[in-house]
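If you want the building blocks of each chain, they are given just below.
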Amino acid sequence: MDPSEIKEKIGRFRILTIGRANAGKTTILRRVCNTRENPVIYDCAGKKVDPAVLDPSRERGEHNIENELVFPSNPGFVFHDSRGFEAGGESEFDQVKEFIVRRSKETKLKNQLHAIWYCIPMDEASRSFTAGEFKFFSQCDTGSIPVIVLFTKFDAFYDVAYGELKSKGKSIKDARALAPTHAEKSFANGPQLEFLKGVRWPPKCHVCLPNMDKDDADCGPLIERTAGTLDSDVLQRLFVSTQQINLELCMKYAVEQ
(Lines give C-alpha, C1' and ligand atoms only; values in the text may rest on other atoms or scores of the structure.)
Protein backbone atom coordinates (compact mmCIF):
# COMPACT_ATOMS: atom_id res chain seq x y z
CA MET A 1 0.00 0.00 0.00
CA ASP A 2 1.14 3.53 -0.69
CA PRO A 3 0.92 6.21 2.06
CA SER A 4 -2.46 7.51 0.89
CA GLU A 5 -3.97 4.02 1.04
CA ILE A 6 -2.43 3.44 4.47
CA LYS A 7 -3.87 6.69 5.82
CA GLU A 8 -7.30 5.84 4.41
CA LYS A 9 -7.23 2.41 6.06
CA ILE A 10 -5.58 3.21 9.41
CA GLY A 11 -6.25 6.93 9.75
CA ARG A 12 -3.90 8.36 12.35
CA PHE A 13 -0.67 7.47 14.11
CA ARG A 14 -1.33 7.08 17.85
CA ILE A 15 1.28 8.00 20.48
CA LEU A 16 1.17 7.88 24.27
CA THR A 17 3.30 10.50 26.01
CA ILE A 18 4.39 9.89 29.60
CA GLY A 19 6.27 12.26 31.88
CA ARG A 20 6.30 14.34 35.02
CA ALA A 21 5.05 17.87 35.36
CA ASN A 22 7.19 20.38 33.44
CA ALA A 23 8.90 17.66 31.41
CA GLY A 24 8.35 19.72 28.26
CA LYS A 25 5.90 17.32 26.62
CA THR A 26 3.52 19.88 25.17
CA THR A 27 6.43 21.92 23.81
CA ILE A 28 7.74 18.88 21.97
CA LEU A 29 4.33 17.93 20.60
CA ARG A 30 3.89 21.47 19.29
CA ARG A 31 7.29 21.24 17.62
CA VAL A 32 6.48 17.86 16.06
CA CYS A 33 3.20 19.25 14.71
CA ASN A 34 4.83 22.55 13.68
CA THR A 35 2.54 24.84 15.65
CA ARG A 36 2.41 27.16 18.64
CA GLU A 37 -1.23 26.39 19.35
CA ASN A 38 -2.58 24.06 22.02
CA PRO A 39 -4.18 20.79 20.90
CA VAL A 40 -7.88 20.21 20.61
CA ILE A 41 -8.92 17.55 23.13
CA TYR A 42 -11.60 14.94 22.50
CA ASP A 43 -13.04 12.34 24.85
CA CYS A 44 -13.56 8.72 23.82
CA ALA A 45 -16.98 9.65 22.41
CA GLY A 46 -15.43 12.25 20.11
CA LYS A 47 -16.70 15.27 22.07
CA LYS A 48 -14.44 18.25 22.75
CA VAL A 49 -13.03 18.51 26.27
CA ASP A 50 -12.23 21.61 28.31
CA PRO A 51 -8.56 22.47 27.53
CA ALA A 52 -8.01 23.30 31.22
CA VAL A 53 -7.05 19.64 31.66
CA LEU A 54 -3.68 20.58 30.16
CA ASP A 55 -3.04 23.26 32.78
CA PRO A 56 0.19 22.24 34.58
CA SER A 57 -1.12 23.75 37.83
CA ARG A 58 -4.11 21.43 37.83
CA GLU A 59 -3.94 18.65 40.44
CA ARG A 60 -2.18 15.60 39.13
CA GLY A 61 -4.19 12.49 38.29
CA GLU A 62 -7.40 14.33 37.36
CA HIS A 63 -7.04 14.10 33.57
CA ASN A 64 -8.13 11.14 31.48
CA ILE A 65 -5.59 9.08 29.54
CA GLU A 66 -8.39 8.07 27.16
CA ASN A 67 -8.70 11.64 25.88
CA GLU A 68 -7.26 12.27 22.42
CA LEU A 69 -5.07 15.33 21.82
CA VAL A 70 -5.05 16.49 18.21
CA PHE A 71 -3.25 19.50 16.76
CA PRO A 72 -5.19 21.08 13.85
CA SER A 73 -1.86 21.73 12.11
CA ASN A 74 -1.31 17.98 11.79
CA PRO A 75 -4.42 15.90 12.55
CA GLY A 76 -2.61 12.78 11.37
CA PHE A 77 -1.18 12.39 14.87
CA VAL A 78 -3.33 11.56 17.87
CA PHE A 79 -1.72 11.80 21.30
CA HIS A 80 -2.71 10.41 24.68
CA ASP A 81 -1.17 11.93 27.79
CA SER A 82 -0.12 10.48 31.12
CA ARG A 83 1.48 12.94 33.50
CA GLY A 84 3.69 10.49 35.31
CA PHE A 85 3.09 8.59 38.52
CA GLU A 86 4.46 10.68 41.36
CA ALA A 87 1.08 12.08 42.50
CA GLY A 88 -1.34 9.55 40.99
CA GLY A 89 0.55 6.76 42.75
CA GLU A 90 -0.44 3.14 42.31
CA SER A 91 -3.78 3.90 40.65
CA GLU A 92 -2.18 6.15 38.02
CA PHE A 93 0.41 3.50 37.18
CA ASP A 94 -2.26 0.82 36.94
CA GLN A 95 -4.32 3.03 34.59
CA VAL A 96 -1.37 3.52 32.26
CA LYS A 97 -0.48 -0.16 32.29
CA GLU A 98 -4.08 -1.18 31.62
CA PHE A 99 -4.35 1.36 28.80
CA ILE A 100 -1.21 0.00 27.11
CA VAL A 101 -2.31 -3.62 27.45
CA ARG A 102 -5.83 -2.94 26.21
CA ARG A 103 -4.67 -0.92 23.23
CA SER A 104 -2.15 -3.62 22.29
CA LYS A 105 -5.01 -6.13 22.09
CA GLU A 106 -7.15 -4.03 19.75
CA THR A 107 -7.90 -5.99 16.59
CA LYS A 108 -8.00 -2.92 14.37
CA LEU A 109 -4.63 -1.29 13.71
CA LYS A 110 -6.15 2.19 13.81
CA ASN A 111 -7.23 1.68 17.43
CA GLN A 112 -3.92 0.30 18.61
CA LEU A 113 -1.21 2.30 20.34
CA HIS A 114 1.69 2.68 17.94
CA ALA A 115 4.47 4.21 20.04
CA ILE A 116 5.26 5.57 23.52
CA TRP A 117 7.33 8.67 24.16
CA TYR A 118 8.58 8.73 27.75
CA CYS A 119 9.82 12.24 28.60
CA ILE A 120 12.46 12.71 31.31
CA PRO A 121 13.68 16.27 31.92
CA MET A 122 17.37 16.88 32.35
CA ASP A 123 17.27 20.21 34.13
CA GLU A 124 19.24 20.08 37.37
CA ALA A 125 16.31 19.63 39.76
CA SER A 126 14.92 16.64 37.86
CA ARG A 127 17.99 14.83 36.58
CA SER A 128 17.65 11.72 38.73
CA PHE A 129 15.13 9.02 37.88
CA THR A 130 12.01 8.94 40.05
CA ALA A 131 10.51 5.88 41.72
CA GLY A 132 7.67 6.06 39.18
CA GLU A 133 10.08 5.85 36.25
CA PHE A 134 11.93 2.95 37.84
CA LYS A 135 8.59 1.20 38.33
CA PHE A 136 7.54 1.70 34.72
CA PHE A 137 10.74 0.29 33.22
CA SER A 138 10.84 -2.55 35.76
CA GLN A 139 7.21 -3.65 35.66
CA CYS A 140 5.55 -2.47 32.46
CA ASP A 141 5.93 -4.81 29.50
CA THR A 142 4.71 -2.86 26.47
CA GLY A 143 5.00 -5.83 24.13
CA SER A 144 5.45 -4.81 20.51
CA ILE A 145 4.77 -1.12 21.25
CA PRO A 146 8.15 0.64 21.14
CA VAL A 147 9.15 2.97 23.97
CA ILE A 148 11.42 5.88 23.12
CA VAL A 149 12.91 7.85 26.01
CA LEU A 150 13.07 11.59 25.36
CA PHE A 151 15.66 13.34 27.52
CA THR A 152 14.09 16.78 27.40
CA LYS A 153 15.64 20.11 28.40
CA PHE A 154 18.99 18.57 27.52
CA ASP A 155 20.51 22.03 27.08
CA ALA A 156 20.74 22.15 30.89
CA PHE A 157 23.67 19.76 30.47
CA TYR A 158 25.39 22.32 28.25
CA ASP A 159 25.70 24.67 31.23
CA VAL A 160 27.36 21.93 33.28
CA ALA A 161 29.72 21.09 30.41
CA TYR A 162 30.55 24.79 29.97
CA GLY A 163 31.55 25.04 33.63
CA GLU A 164 33.71 21.94 33.39
CA LEU A 165 35.49 23.22 30.28
CA LYS A 166 36.08 26.62 31.87
CA SER A 167 37.58 24.95 34.93
CA LYS A 168 40.02 23.16 32.63
CA GLY A 169 41.28 26.44 31.23
CA LYS A 170 39.18 26.84 28.08
CA SER A 171 38.31 30.38 27.02
CA ILE A 172 34.71 31.57 27.23
CA LYS A 173 34.37 31.34 23.45
CA ASP A 174 35.84 27.84 23.20
CA ALA A 175 33.92 26.55 26.21
CA ARG A 176 30.65 27.69 24.69
CA ALA A 177 31.48 26.14 21.33
CA LEU A 178 32.59 22.83 22.81
CA ALA A 179 29.91 22.51 25.51
CA PRO A 180 27.28 20.60 23.44
CA THR A 181 29.73 17.95 22.26
CA HIS A 182 31.29 17.65 25.71
CA ALA A 183 27.83 17.28 27.28
CA GLU A 184 26.84 14.52 24.84
CA LYS A 185 30.05 12.57 25.48
CA SER A 186 29.66 12.86 29.25
CA PHE A 187 26.01 11.83 29.03
CA ALA A 188 26.87 8.74 26.98
CA ASN A 189 28.83 7.40 29.96
CA GLY A 190 26.54 8.79 32.64
CA PRO A 191 24.12 7.23 35.15
CA GLN A 192 20.96 7.84 33.11
CA LEU A 193 21.89 5.46 30.29
CA GLU A 194 23.42 2.98 32.72
CA PHE A 195 20.09 2.89 34.52
CA LEU A 196 18.16 2.18 31.33
CA LYS A 197 20.54 -0.64 30.39
CA GLY A 198 19.87 -2.39 33.68
CA VAL A 199 16.06 -2.32 33.83
CA ARG A 200 13.86 -5.30 32.99
CA TRP A 201 12.00 -3.56 30.16
CA PRO A 202 14.46 -1.09 28.57
CA PRO A 203 13.31 1.36 25.90
CA LYS A 204 13.98 0.69 22.23
CA CYS A 205 16.13 3.81 22.05
CA HIS A 206 16.59 7.30 23.46
CA VAL A 207 17.01 10.77 22.05
CA CYS A 208 18.38 13.96 23.63
CA LEU A 209 16.34 17.07 22.90
CA PRO A 210 17.86 20.46 23.74
CA ASN A 211 16.29 23.89 23.27
CA MET A 212 12.87 22.68 22.14
CA ASP A 213 11.43 26.07 23.07
CA LYS A 214 13.60 27.83 20.46
CA ASP A 215 12.31 28.78 17.01
CA ASP A 216 15.05 26.78 15.30
CA ALA A 217 14.66 23.69 17.51
CA ASP A 218 15.34 20.43 15.73
CA CYS A 219 13.23 17.41 16.63
CA GLY A 220 14.30 15.59 13.48
CA PRO A 221 16.29 13.05 15.56
CA LEU A 222 13.10 12.17 17.46
CA ILE A 223 11.26 11.54 14.20
CA GLU A 224 14.10 9.47 12.77
CA ARG A 225 14.57 7.38 15.93
CA THR A 226 10.85 6.72 16.27
CA ALA A 227 10.58 5.58 12.66
CA GLY A 228 13.52 3.25 13.21
CA THR A 229 11.82 1.50 16.15
CA LEU A 230 8.70 0.51 14.20
CA ASP A 231 8.76 -3.14 13.17
CA SER A 232 5.72 -2.88 10.91
CA ASP A 233 6.38 -1.51 7.41
CA VAL A 234 2.81 -0.23 7.31
CA LEU A 235 3.17 1.72 10.55
CA GLN A 236 6.59 2.96 9.50
CA ARG A 237 5.21 4.37 6.26
CA LEU A 238 2.21 5.86 8.09
CA PHE A 239 4.46 7.59 10.61
CA VAL A 240 6.92 8.91 8.05
CA SER A 241 4.18 10.24 5.80
CA THR A 242 2.31 11.82 8.74
CA GLN A 243 5.24 13.80 10.13
CA GLN A 244 5.88 17.04 8.26
CA ILE A 245 9.20 18.27 9.66
CA ASN A 246 11.74 15.82 8.25
CA LEU A 247 11.38 15.82 4.47
CA GLU A 248 14.70 14.01 4.05
CA LEU A 249 13.25 11.07 5.96
CA CYS A 250 10.22 11.02 3.63
CA MET A 251 12.53 10.90 0.63
CA LYS A 252 14.69 8.20 2.19
CA TYR A 253 11.78 5.88 2.85
CA ALA A 254 10.22 6.63 -0.53
CA VAL A 255 13.44 5.53 -2.24
CA GLU A 256 13.74 2.40 -0.09
CA GLN A 257 10.19 1.38 -0.83
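Rules behind the numbers
- Residues numbered from 1 in each chain as written.
- Predicted model: local features only at pLDDT ≥ 70, side-chain atom pairs only at ≥ 80, totals over all residues.
- Heavy atoms only, no water.
- Helix = DSSP H or I, 4+ residues; strand = E, 2+ residues; numbered from the N terminus.
- Buried < 20%, exposed > 50% of the residue type's maximum accessible area, 1.4 Å probe, protein only.
- Contact = heavy atoms within 4.5 Å.
- Axes fitted to C-alpha atoms, helices over the stretch in contact; angles between N-to-C directions.
- Parallel < 35°, antiparallel > 145°, perpendicular 65-115°, else oblique.
- Left-handed = near helix turned anticlockwise from the far one by under 90°.
- Nonpolar A, V, L, I, M, F, W, Y, C, P; charged D, E, K, R; others polar.
- Pairing = 2+ DSSP bridges.

J.: Report on the environment of Ile15, specifying residues and quantitative values.
T.: For Ile15, the location among the structural elements is in strand β1 (residues 13–19). Look at Ile15 and you get buried, because its relative accessible area is 0%. Other than its neighbours up to four places away in sequence, Ile15 contacts Phe77, Val78, Phe79, His80, Leu113, Ala115 and Trp117.

J.: Describe the side chain of Thr142, listing the residues and the values that go with them.
T.: Note that Thr142 resides in the loop between α4 (131–139) and β6 (147–152). Residue Thr142 is classed as buried on the basis of its relative accessible area, which comes to 12%. Apart from residues no more than four positions distant in its own chain, Thr142 is found in contact with Ile100, Ile116, Phe136 and Val147.

J.: Outline the packing of helix α8 (residues 220–229) against helix α9 (residues 233–242), listing residues and values.
T.: Contact geometry of α8 with α9 gives a least axis separation of 9 Å together with a crossing angle of 165°. The orientation of α8 with respect to α9, classified from their angle, is roughly antiparallel. Crossing of α8 over α9 shows right-handed handedness. Between α8, through Ile223, Thr226, Ala227 and Gly228, and α9, the contact on the second element is made entirely by Gln236, Phe239 and Val240. Of the residues in the contact of α8 with α9, the class split is 4 nonpolar, 3 polar and no charged.

J.: Report on the packing of helix α5 (residues 155–167) against helix α6 (residues 172–188), specifying residues and quantitative values.
T.: Relative placement of two packed helices is described by the angle separating their axes and the distance separating the axes. Running from N to C, α5 and α6 point in directions that differ by 120°, and their axes come no closer than 7 Å. Classified by the angle between their axes, α5 and α6 sit oblique to one another. Seen along the crossing, α5 lies across α6 with a hand that is right-handed. Here α5 contributes Phe157, Tyr158, Ala161, Tyr162, Glu164, Leu165 and Lys166 to the contact with α6, which in turn contributes Ile172, Ala175, Arg176, Leu178, Ala179, Pro180, His182, Ala183, Glu184, Ser186 and Phe187. Each residue belonging to the contact of α5 with α6 can be placed in one class, and the counts come to 12 nonpolar, 2 polar and 4 charged.

J.: Please set out the pairing of strand β7 (residues 205–209) residue by residue, giving values where relevant.
T.: Of the two faces of β7, only the one carrying Cys205, Val207 and Leu209 is buried; His206 and Cys208 on the other face are not. Alignment of β6 against β7, held across 5 bridges, turns out to be parallel. Across the sheet, the residue bridging to Val149 is His206, located in β7.

Shape descriptors only; they carry no functional weight alone.
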